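Chain residues, written in single-letter form:
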Amino acid sequence: MGVSLPSLDKRNLRESFFELLKDFSTFPASQNLFLVKLSPPANRKSAIPDILTDENQKELGITPGTKPLGINKSKSVYERYIDGNEYMYLARGVDLTTEKVAVKSEGRLINGLLPVGPFVGEKQYPDTDLEIQFSETNISFVDTIIRPWVQMYSVHGNFDDIDLTTTITVYFIAKEQLTTRKTMSSVLFGSSGGSPVVRKYYVYNDCIPYNIMTANVSEYSSDTVIGGAGTRWRFSTYDVITPIDGKL
C-alpha cells in the first residue's frame with residue numbers, strides 16, 4: 001500500500017534562499033567580526049580606574065613585596081589604546097549575556113484547582129554573565145591591569161567614593177554593505193567595495209572584572225605559541241542596540 005504525503009506549496013526553495021542572500025538584512029552575519037571598547041563613566045576621564053596605582057595596591061596587603069608592581073607604567077602604555085575613541089584590539093574573544101526565564105508546570109492542586117501551566121517561575125538576571133578574552137602581550141594587560149583591578153574589588157567592593165567601574169561596548173560589524181547582485185556566485189564571492197558597518201552592539205554599564213578564568217596555561221615548546229587569558233565581568237545594566245538608522 002502506497003504512502004501519501006502532503007506536497008509543499010513552495011516549489012523553488014533555492015530561489016527563496018537566494019532572495020535572502022540578496023538582501024543585506026537577511027545575509028548571514030559573521031559572528032567573529034567584533035570590536036570591544038572600554039569607556040570611562042561620566043565622573044572619570046579614563047576607562048581604567050584612577051585608584052588603580054602601585055601605591056594603592058600595596059596598601060591592600062595582598063602583595064607584600066617592596067618592588068613596584070608595574071601598574072603605573074602599564075596604565076601609561078594602555079590608556080592611549082583605550083581612552084578617547086580607540087578600540088581595545090587586544091580583546092580576542094567574547095561570550096556575551098544570555099537570557100533565561102525559569103518556566104515550570106504544576107502537577108498539584110492549588111486552592112482546589114489543578115493548574116495547567118506552564119508558568120513563569122522566576123527571571124534570572126545575568127549580571128555576572130560577561131566574558132572577555134584578552135591577548136597576552138609582552139607587557140601583560142591581564143596581569144598588570146585586570147589582576148590588580150580584581151584584587152582592588154575584592155577589598156573595597158564598589159562604592160561611590162571608590163569607583164572601580166567602566167563601560168564596555170562590544171560592536172559586531174559586517175564585512176561590507178551589499179549592493180544589487182544578479183547571480184548566486186556574485187552574492188557569495190563578489191565584492192561590493194563597501195566599507196565595514198556596525199550591525200549591532202552591546203553596551204554594558206558599571207562593569208568590574210571579578211574573575212581571571214585562565215592565565216598562562218601552557219606547555220613548554222620551542223615553537224612560539226600566541227595565547228590569551230579569559231576574564232569575567234559583573235555589570236549593572238545592559239542594552240542590545242541595532243543601529244538601523246545608521247547612528248551609534
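Refer to the structure printed above.
## A word on the pattern of salt bridges
And then number 1: By the definition in use, this model includes 3 salt bridges.
And then number 2: R44 serves as the salt-bridge partner of D163, at 3.3 Å between the closest nitrogen and oxygen. Here the residue D163 occupies a position in the loop between α4 (141–156) and β6 (166–174), and R44 occupies one in the loop between β1 (34–39) and α2 (54–59), the gap between them amounting to 119 residues. Side by side, D163 and R44 carry an identical accessibility label, which is buried.
And then number 3: A salt bridge links E131 to R232; its shortest N-O distance comes to 2.4 Å. Of this pair, E131 sits in strand β5 (residues 130–135) while R232 sits in strand β8 (residues 228–234), and the two are 101 residues apart along the sequence.
And then number 4: Owing to a relative accessible area of 18%, E131 belongs among the buried residues under this scheme.
And then number 5: The exposure class of R232 is partly exposed, given its relative accessible area of 25%.

## Some thoughts on the environment of F119
And then number 1: Within the fold, F119 resides in strand β4 (residues 119–124).
And then number 2: Looking at F119, the relative accessible area reads 37%, which means it is partly exposed.
And then number 3: Distance from F119 to S105, taken between C-alpha atoms, is 6.0 Å for residues 14 residues apart in sequence.

## Topic: the nonpolar core
And then number 1: L130, F134, F141, I168, Y204 and W233 are the most contacted members of the largest nonpolar core, which has 37 residues in total.
And then number 2: Those elements giving two or more residues to this core turn out to be β1, α3 (71–82), β5, α4, β6, β7 (197–214) and β8.
And then number 3: Beyond its immediate stretch of four places on either side in the chain, F141 contacts Y78, I82, M88, L90, F134 and I146.

## Description of the environment of E99
And then number 1: Inspection of the secondary structure assignment puts E99 in the loop between β2 (91–95) and β3 (100–104).
And then number 2: As for E99 and Q124, which are separated by 25 residues in sequence, their C-alpha atoms are 7.6 Å apart.
And then number 3: Those residues in contact with E99 that sit more than four places away from it in its chain are K123 and Y238.

## Details of α3
And then number 1: The end-to-end C-alpha distance of α3, which contains 12 residues, comes to 15 Å, matching closely the 16 Å that a straight helix rising 1.5 Å per residue would cover.
And then number 2: Those residues of α3 that sit buried are I71, S74, K75, Y78 and I82. The buried residues of α3 occupy an angular sector of 100° when projected down its axis, which confines them to one face. Residues of α3 that are exposed and point more than 90 degrees away from the buried face comprise K73 and R80.
And then number 3: Where the residues of α3 are buried, they touch β1, α2 and α4.

## Quick word on unusual backbone geometry
Working note: non-glycine residues mostly have negative phi, and peptide bonds are mostly trans.
And then number 1: Despite not being glycine, D206 has its phi angle at roughly 55°, a positive value.
And then number 2: With respect to the helices and strands, D206 occurs in strand β7.
And then number 3: The exposure class of D206 is partly exposed, given its relative accessible area of 33%.

Cut-offs and rules
Residues numbered from 1 in each chain as written. Predicted model: local features only at pLDDT ≥ 70, side-chain atom pairs only at ≥ 80, totals over all residues. Heavy atoms only, no water. Salt bridge = Lys/Arg side-chain N within 4 Å of Asp/Glu carboxyl O. Helix = DSSP H or I, 4+ residues; strand = E, 2+ residues; numbered from the N terminus. Buried < 20%, exposed > 50% of the residue type's maximum accessible area, 1.4 Å probe, protein only. Core = buried A, V, L, I, M, F, W, Y, C linked by side-chain atoms within 4.5 Å. Contact = heavy atoms within 4.5 Å. Expected span 1.5 Å × (residues − 1). Arc of directions from axis to C-beta.

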